[in-house]
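# Commentary on secondary and tertiary structure
These are the residues of each chain, in order.
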Amino acid sequence: MSMQITRAYDRVKAIDWEPSYIGKDQKYVESTRFFLKGLKPVDPFKTFLREYFKMEQEKENRHYSVLEASSRLHSGPPDARWMESMKFILSNLATVEYAAGRQMGRMARSVAPMELRQGYMMQMLDEMRHTQLEMNNIRQNMRTWEDPAGYDIALRGAGNNVGAGLFRAMIEDVTTCDPVETSIGLQIFIETAYSNVFFVGMSAAAAAHGDNTLASTLLTIQSDESRHMANGWATLVTLLQDDRNIPLVQQALDKWSWRTHVSFGLANALSQDYFTKNRTESAKEAAMRWVYDEFFGGFYQKLERYGIKPPPRMEEQIAELDNLSHSAAVYVFGAWPFFYHRADPMTAADMDWLEKKYPGWHGRFGWFWDSYAKCTDPNDRAIVLKELGGLPNFCEVCQRPLIFPTPQAHSGRSRVHAGKNHIFCSAGCEEIFVNDPIHYQVGKSFYDLYHGCTLAEVVEHMGYIRDDGRTLMGQPLLRQNRMWTVDDLRRCDYVVQRPAPPPPADDVKPVQETAGGAAH
Amino acid sequence: MTHAGLKVSHKVTAKLINGGDAEAVVAVMLAANPSAVVKDYGSYLSLENEGPLFFNLADIGEELGRKYDVPAFLTILASYTGQIDVQDDTVSIAEIAG
């Protein structure tokens, strides 16, 4: 009979050691501004390798048997809108998970307490598993879906797509911030607050659209996230044992509340409202249930006893939910040639549902879908992007286009820092920049690369062309008499132009410097 | 006392990957917690309670007719709300102390 979990866990902990052959500076590599000395951490899952591998093997057995069965049973094709949209979503998930694995290795090295380190190491293995599961899901879709174009360039798309910049900016921010702050960004906000909406909530949508493979993939991944949530909670309450950490934790919570809302929160909202057909709840309802009721009400609120206050922009976040998915859809559908999936625009039934769930939707967003409908036939030489006045500016913190909360009344602004003009989508992102400007110095923006290029040149450079060398991967409709080609784009006579910067705003002041700078 | 703007939730939940194991877990938990509620979302079941959820793995194994242990339970636990504690033969989820 194997040893009991609690006894084995204590035994494993007892063999931790400090190496004599290198100094602490060499061992930890990076310092942190948080205070860690003398803290007494907890690991509620008490995970160690023997139990971990047994559990993960069982999960793999269950998941891959679903894939095997689906290959044999041919239960009918999944929904086309869903399968096309997942070209964009799945490619980005795989790269985000891989980056999360890198982050856990970094945290395990930089955050000293053994109990936390143990949890981070298991999480690093989890994230590698998730990347493989998602890549395998992409491969499965390439083999079985009617139109594999787009799935075959998934990683390229995640690397150079203008919309994927949102995911890249989010996950690189988590990777390059303070290694302890990484826990607050990733484990508290991305994994506890927001991943449930997608990995659990959207698993039901995947099943409702006949995509049983992805439903199984999402749920087997989320079963690991349960431990990641516990890692985040353990790290947070450990940090809060030292009063000097309270203002540092508060600052990180304030940042990541907004930062995750504009990135993962936006992707969740877009997927829930615009990539589905057999809908159950709206993106706003899902966010209110998972993020604002369960996370903020059942988790965050309980931090009050440590002196933690609500994030200052929470009301603004909730207010944005009325428009978040719809403005995101204007961008993703409006810029369809820059993507690598066939778009399925809203039907009359979809629009009725959107109006019912978001009263006033027709008045705020109906105009876009009217314009879109007039620009789908390649013979008309009309591209909706041109009709809308071209692509907007992009936020230098989160990479959102400057169309939020709505394209007609966006909160974009600019600010001069160190002699250079910087552009932001909102006061929240400007504030994040002001508190840590060096972190957000961009190399080359989309407009640095493509200003003055024709639409056809941009799409060719990105590689979003099918195997025949002329048909576009992205299309404005699921099915049409003939698909758009790069020659059709040339005939539209559209040249990418850098928009004028928005005016500055004066409502953001730097947060007062907080004490910190502790090492290990 | 609560934060302005934050609606306090006392609910404890366990989201279980739907299937035979999850059905057995739910049957045992509903018998032990008559006030608990189960919502079926198709791919997963949400077990919700206004108090702690205490999973005794021997009881679940009895319902299933086979040995059931912590790793087997964690295989189907997709997510939860509350504070989790894993012991040798039990898993508990309780409201985070406020």
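This section reports on the structure supplied with the text. (Residues numbered from 1 in each chain as written. Chains lettered and ligands numbered in written order. Predicted model: local features only at pLDDT ≥ 70, side-chain atom pairs only at ≥ 80, totals over all residues. Heavy atoms only, no water.)

## Considering the sheet that holds strand β2 (residues 37-40) of chain B
Read across the sheet, four strands follow the order β2-β3-β1-β5 (chain B) without closing on themselves; strand pairing throughout is antiparallel. Each edge of the open sheet is held by one strand with a lone partner, namely β2 and β5 (77-81) of chain B. Pairs of neighbouring strands in the sheet enclose a mean axial angle of 15 degrees, with direction left out of account. Relative to β5(B), strand β1 (residues 12-17) of chain B runs antiparallel, the two sharing four bridges. The partner of T13(B) across the bridge, within β5(B), is T81(B). Along the sheet face, helix α8 (residues 179-208) of chain A touches β1, β3 (44-49) and β5 of chain B and points at about 120 degrees away from the line of β3(B). (Pairing = 2+ DSSP bridges. Helix = DSSP H or I, 4+ residues; strand = E, 2+ residues; numbered from the N terminus. Axes fitted to C-alpha atoms, helices over the stretch in contact; angles between N-to-C directions. Contact = heavy atoms within 4.5 Å.)

## As for the state of the cysteines
Residue and element names in this part refer to chain A. Per the counting criterion, the structure on display carries zero disulfides over all chains. Lacking any disulfide linkage, C453 is separated from the closest cysteine sulfur, that of C492, by 17 Å. Here C492 stays free of any disulfide, with the sulfur of C375 as its closest cysteine sulfur at 8.6 Å. In this structure C492 comes out as buried when scored by relative accessible area, which is 2%. (Disulfide = S-S within 2.5 Å. Buried < 20%, exposed > 50% of the residue type's maximum accessible area, 1.4 Å probe, protein only.)

## Quick notes on the interface of chain B and chain A
Between chain B and chain A, the residue contacts involve 39 residues of the former and 43 residues of the latter. Carbon and sulfur atoms supply 57% of the area that chain B and chain A bury against each other, a total of about 3700 Å² over both sides. Where chain B meets chain A, there are five salt bridges. Across the contact surface, chain B and chain A share 15 residue pairs in polar contact (both at pLDDT 80 or more). If you list the elements that add at least two residues to the side of chain B that touches chain A, you get β1, α3 (70-76), β5 and β6 (83-86) of chain B. Its residues assigned to classes, the side of chain B that touches chain A shows 18 nonpolar, 12 polar and nine charged. (Buried area = accessible area lost by both parts, 1.4 Å probe. Salt bridge = Lys/Arg side-chain N within 4 Å of Asp/Glu carboxyl O. Polar contact = N/O pair within 3.5 Å; in protein donor to acceptor, adjacent residues only side chain to side chain. Nonpolar A, V, L, I, M, F, W, Y, C, P; charged D, E, K, R; others polar.)

## Brief notes about the packing of aromatic side chains
Counting across every chain of the model gives 34 aromatic pairs over all chains. Relative to Y372(A), the ring of F333(A) lies with its centre 6.1 Å away and its plane at 75 degrees, an arrangement referred to as edge-to-face. One end of the pair, F333(A), is in helix α14 (residues 324-334); the other, Y372(A), is in helix α16 (residues 361-373), and 39 residues separate them in sequence. In this structure, F333(A) and Y372(A) share a single accessibility class: buried. A ring pair is formed by Y41(B) and Y44(B), whose centres lie 4.8 Å apart and whose planes are at 10 degrees; its orientation type is stacked. One aromatic cluster is present, formed by F88(A), F167(A), Y331(A), F338(A), F339(A), Y340(A), F394(A), F446(A), Y447(A), Y450(A) and Y464(A) through successive ring pairs. The ring of W353(A) carries R279(A) above its face, with NZ or CZ at 4.5 Å from the centroid. Its end group placed over the ring of F404(A), R400(A) keeps NZ or CZ at 4.4 Å from the ring centre. (Phe/Tyr/Trp six-rings, centres within 6.5 Å; stacked < 30°, edge-to-face > 60°. Lys NZ or Arg CZ within 6 Å of the ring centre and 35° of its normal.)

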